[in-house]
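Per-entry structural report
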Protein chains: 2
Amino acid sequence: MNVVIVQNDPAFGDVSRNIEDVSLMLSKRKDPKPDLVVLSELFASGYQFTSVAEAHALSEKAVGPDAGPTVAFMKALSRETGGLVVGGFPCQKNGRVTNAAAVFRNGELVTVYDKVHLFDAENRWFSPGEGPLCLVDTPFGPMGVMICFDWLFPEVARSLALSGAMFIAHPANWVLPFGPSGMILRSVENRIFTMTANRVGTEERGGLAPLTYIGQSQVLSPSGEILARAPRETAAILEVSFDPAVAKTKTVASESDAFRQRRPDLYHL
Amino acid sequence: MNVVIVQNDPAFGDVSRNIEDVSLMLSKRKDPKPDLVVLSELFASGYQFTSVAEAHALSEKAVGPDAGPTVAFMKALSRETGGLVVGGFPCQKNGRVTNAAAVFRNGELVTVYDKVHLFDAENRWFSPGEGPLCLVDTPFGPMGVMICFDWLFPEVARSLALSGAMFIAHPANWVLPFGPSGMILRSVENRIFTMTANRVGTEERGGLAPLTYIGQSQVLSPSGEILARAPRETAAILEVSFDPAVAKTKTVASESDAFRQRRPDLYHL
C-alpha cells in the first residue's frame, strides 16, 4: 500500500491558493497513483477562526450541487489517483458547522467524519461530532479516521483498532508538543499503522494568541517504527509503502498479545 | 507530597544482598521520611526466572508468620518513614505465584496487587492477577498501582484515573524502549502524576536471551513534564516533591477537558 502524506502551510481563508499549493505539491510526487493521500485538518480553510460567522462563511457542503471547492478538489484527486483521499474541511450540515474529514475513493464520497473531541476554541465555532467513530472498508483492510485532538483520547484509536482498523488516517493541526511521540504509543498499544498529516506555519488572528503548528507529519508502524517524519517548520510530502496486513498480528513479544491479554471485565471505562 | 523512587540493580536470587543495596541507597537520601517510596518490580528477587520451581523458591507470603524477607523489609521501611511504600515481589498465594506489588503504610500492609498483564516469559512462571485493579486511599488522595507491562494497556491507567487516582506508582522492569516516552502520554491523557521505578543491569540466565533493563525511572506531572528521570545504566534515587491536587483538574487547554469531553457512548472497548 502506497501512501502520501501532505504537510502544507495554508494561508487562512485563501481556499483557492491553499488548494493550488497542495495540488502543486502533489504534482511533484514520485508516485502518481498512491493508494491513499492524507491531507491535514482544515487544510484549505486554515485553522484559527475568530467567529462563528467566519466558520459559516468558509464551511462547505460535502455533497450535492452546492458542494464546496475543497470537497471538489479531494473528489477530483481521488478520481485521478483511483485511490483513497482523506482530508479536513469545515463542513456545513443542517445549519451547523463541524470540523470534518471527508473520505473519497476513486471519485466517490465514502463518508464524512465530524471531529468528536474539539480542541479549545474550536468549541466556539464548531459543533462536536455525534459519532459514530469513523471506520471505513478499503481494498487494503479497514481504515480508521480521527482528527487531531481525537488522538489524545485513548478510547478513539483503541475503539477503531478493536473494531478492526489496520491503519488510521489522522488529519491534524497540532500545536501541543506531545503528538509526534505520543502517537508512537497509539501505534504500539494498538499494533496499527498511523498516518498523521499535520500542517506548519503560524496564525495570529483577531487578537487571539498566536498558534504555531509543529509539523512532524509522520507514518508509524505497529511496532512504533517511524517510517517517515516531516520537518517541523516546512511544508513537505511523505511517501511511504507498507503492508497493512502486518497490523493483523497483535503480538508485542512472543508470549504477549496486546489484544488477547486485555481484561475488559477489570476495566472501568 | 515527597516521593522517593529507587532504581536498583539486583543480582538474581540474592534477596538479602538486593535488600541491603536498596536499604543502603535509601539511607543516603536527603529526606528521611518521604511520604511515598516506590521500588521496582521484583526488586529483591531479580526478574529472569528460568523455571516454575525457581519462581516458587523465591516467592514470599505477604502476611502471617511465614511472610518473606522482601515483604518484611517494605513493612519495616514504611514503619520507619511513617509513609507509603510500594514495591514488587513474587507472591505466594494458594500454591501459585504472582508477580505482585505490596502497598504498606506506616508498618501495615494495605493491599497486594497481582500484575494482570504478564509480559512474555512471565506467563510461564506467574499466574496472572484476577483483579480488581489497584486503587488505594492515601492521605494524599487516591493512588493507583500498576506493574510494568500493565502500562501498555491504556485501559489500566485510564480506569484508575477515572476511578479517582491522582497519582500512579508503577514498579517496572522495562526492557522495551517505549516506556519512558510512552508514559508521558499516560500522564497527559489522564492528567495524573506517574512514578515509574525501573531497574538497570542485564540478566542472561539458563540459556535465555539476555534482558537489558533500561533504567530511566521517572516522575511525570499531569501536563507531561518530566519532574525527574534517572539514568539508563546506573542505580539511582529520585527525590521529588509535588502537589497531587494538581491532578484533580483535567484541563488540557482553557476550553478542553480530558475527562468531560469523553464520549463513552461512542467507544467500543
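Look up: the structure comes first, before these words.
Residues numbered from 1 in each chain as written. Chains lettered and ligands numbered in written order. Predicted model: local features only at pLDDT ≥ 70, side-chain atom pairs only at ≥ 80, totals over all residues. Heavy atoms only, no water.

1. So, the overall build of chain A
This is how the line gets drawn: Under the scheme used here, helices are H or I runs from DSSP no shorter than 4 residues and strands are E runs no shorter than 2 residues, and both carry numbers assigned from the N terminus. Two things to know: the radius of gyration comes from C-alpha atoms, and the globule rule equals 2.2 Å times the number of residues to the power 0.38. When accessible area is computed with a 1.4 Å probe and restricted to protein chains, residues below 20% of their type maximum are described as buried, those above 50% as exposed, and intermediate ones as partly exposed.
The secondary structure content of chain A amounts to six helices and 16 strands. Expected size for 269 residues packed as a compact globule is a radius of gyration near 18 Å; at 18 Å, chain A falls within 12% of this value. Overall, the C-alpha framework of chain A stretches about 55 × 40 × 35 Å when taken along its three principal axes. A burial count over chain A gives 62% of its 269 residues as buried.

2. A few points about the environment of A:Glu225
Residues and elements named next belong to chain A. To be explicit about the condition: Working rule for contacts: check all heavy atoms of both residues, and any pair within 4.5 Å makes them a contact.
Residue placement: Glu-225 occurs in the loop between β12 (218–220) and β13 (226–229). Assessed through its relative accessible area of 48%, Glu-225 is described here as partly exposed. With 73 residues separating them along the chain, Glu-225 and Leu-152 place their C-alpha atoms 20 Å apart. Ignoring sequence-local partners within four residues, the contact set of Glu-225 consists of Val-219 and Leu-220.

3. Observations regarding the sheet that holds strand β2 (residues 36–38) of chain A
Residues and elements named next belong to chain A. Put simply, the test is: DSSP bridges decide pairing: two strands pair if at least two such bridges lie between them. Throughout, an axis means a line fitted to C-alpha atoms (over the contacting stretch in the case of helices), and angles, computed between N-to-C directions, take values from 0 to 180 degrees.
Taken together, the six strands give an open sheet; going across it, the order is β5-β4-β3-β2-β1-β14, and neighbouring strands pair in mixed fashion. Each edge of the sheet is formed by a strand with only one pairing partner; in this case those strands are β5 (108–114) and β14 (236–241). Going from strand to strand, the sheet's axes swing by 30° on average, the running direction of each strand aside. Sheet analysis places strand β3 (residues 84–93) next to strand β4 (residues 96–105), joined by 10 bridges and oriented antiparallel. What sits directly across from Val-85, in β4, is Phe-104. Contacting β1 (2–7), β2 and β14, helix α1 (residues 15–27) crosses the sheet at an angle of about 140° to β1. Helix α3 (residues 69–81) contacts β2, β3, β4 and β5 of the sheet and is inclined by roughly 160° relative to β3.

4. Considerations on the pairing of strand β14 (residues 236–241) of chain B
Look at any regular strand and the pattern is simple: side chains alternate between the two faces of the sheet. Residues and elements named next belong to chain B. Residues Ala-236, Leu-238 and Val-240 line the buried face of β14, whereas the alternating positions Ile-237, Glu-239 and Ser-241 sit on a face that is not buried. Across six bridges, the pairing between strand β1 (residues 2–7) and β14 is antiparallel. Across the sheet, Val-4 pairs through a bridge with Glu-239, a residue of β14.

5. Focus: the relation of the copies chain B and chain A
Basically, it comes down to this: Only residues with pLDDT of at least 70 in both copies count here: their C-alpha atoms drive the least-squares fit that superposes the copies.
The two copies are related by a screw operation: chain B maps onto chain A through 180° of rotation and 0.0 Å of translation along the axis, at an RMSD of 0.0 Å. The superposition of one copy onto the other is thereby described by a two-fold rotation axis. Here 100% of the contact residues of chain B are again contact residues in chain A; the copies associate through an equivalent surface.

6. Topic: the sheet that holds strand β3 (residues 84–93) of chain B
Residues and elements named next belong to chain B. The strand order across the open sheet built from six strands is β5-β4-β3-β2-β1-β14, with neighbouring strands paired in mixed fashion. Each having just a single partner strand, β5 (108–114) and β14 make up the two edges of the open sheet. Ignoring strand direction, the axes of neighbouring strands in this sheet form an average angle of 30°. Looking at chain direction, strand β2 (residues 36–38) and β3 are connected through three bridges and run parallel. Across the sheet, Val-37 pairs through a bridge with Val-85, a residue of β3. Contacts between helix α3 (residues 69–81) and the sheet are confined to β2, β3, β4 (96–105) and β5, with β3 contributing the most and set at about 160° to the helix.

7. Quick look at the state of the cysteines
Just so we agree on the cut-off: The disulfide criterion is simple: two cysteine sulfur atoms within 2.5 Å.
For the structure shown, the criterion picks out zero disulfides over all chains. Considering cysteine sulfurs only, A:Cys134 is the nearest to A:Cys91, which forms no disulfide, with 12 Å between them. With a relative accessible area of 2%, A:Cys91 lands in the buried category. Between B:Cys148, a free cysteine, and B:Cys134, which holds the nearest cysteine sulfur, the sulfur-to-sulfur gap is 16 Å. The class for B:Cys148 is buried, based on a relative accessible area of 7%.

8. Observations regarding the pattern of salt bridges
Inclusion rule: By definition, a salt bridge exists where a carboxyl oxygen of Asp or Glu is found within 4 Å of a side-chain nitrogen of Lys or Arg.
Enumeration according to the criterion identifies 30 salt bridges over all chains in this entry. Note that B:Glu54 and B:Arg205 form a salt bridge whose closest N and O atoms lie 2.8 Å from each other. Of the two residues, B:Glu54 is situated in helix α2 (residues 52–58) and B:Arg205 in the loop between β10 (202–203) and β11 (211–212); the sequence distance between them amounts to 151 residues. For B:Glu54, a relative accessible area of 19% gives the class buried. Overlapping salt bridges, with partners in common, bring together A:Arg186, A:Glu189, B:Arg186 and B:Glu189 in one network.

9. Concerning the packing of aromatic side chains
All names here are of chain A. Spelled out, the test is: Side-chain rings of Phe, Tyr and Trp (the six-membered ring for Trp) are treated as a pair once their centres are within 6.5 Å; stacked means planes under 30 degrees apart, edge-to-face means over 60, and tilted covers the remaining angles. Charge-over-ring placement is defined geometrically: NZ (Lys) or CZ (Arg) within 6 Å of the ring centre, and within 35 degrees of the ring normal.
Using the criterion set out here, one finds 18 aromatic pairs over all chains in the structure. Judged by centre distance (5.3 Å) and plane angle (90°), the ring pair of Phe-149 and Phe-153 falls under edge-to-face. Residue Phe-153 is classed as buried on the basis of its relative accessible area, which comes to 2%. Directly above the aromatic system of Phe-12 lies the positively charged group of Arg-205, at a separation of 3.7 Å from the ring centroid.

10. Details of the side chain of B:Glu203
All names here are of chain B. To keep things clear, this is the line we draw: Polar contact is the term for a pair of N or O atoms within 3.5 Å; when the atoms are in protein, one must be able to donate a hydrogen and the other to accept it, and sequence-neighboring residues count only if both atoms are side-chain atoms.
Locating Glu-203 in the fold gives a position in strand β10. The buried category is assigned to Glu-203, whose relative accessible area is 4%. Of the polar contacts made by the side chain of Glu-203, one reaches the backbone nitrogen of Gln-48; its length is 2.7 Å. Polar side-chain contacts of Glu-203 include one of 3.1 Å to the side chain of Arg-199. Once you skip the residues sitting within four places of it in the chain, Glu-203 turns out to touch Phe-12, Gly-46, Tyr-47, Gln-48, Ala-209, Pro-210, Leu-211 and Tyr-213.

Taken by themselves, the reported measurements are silent on function.
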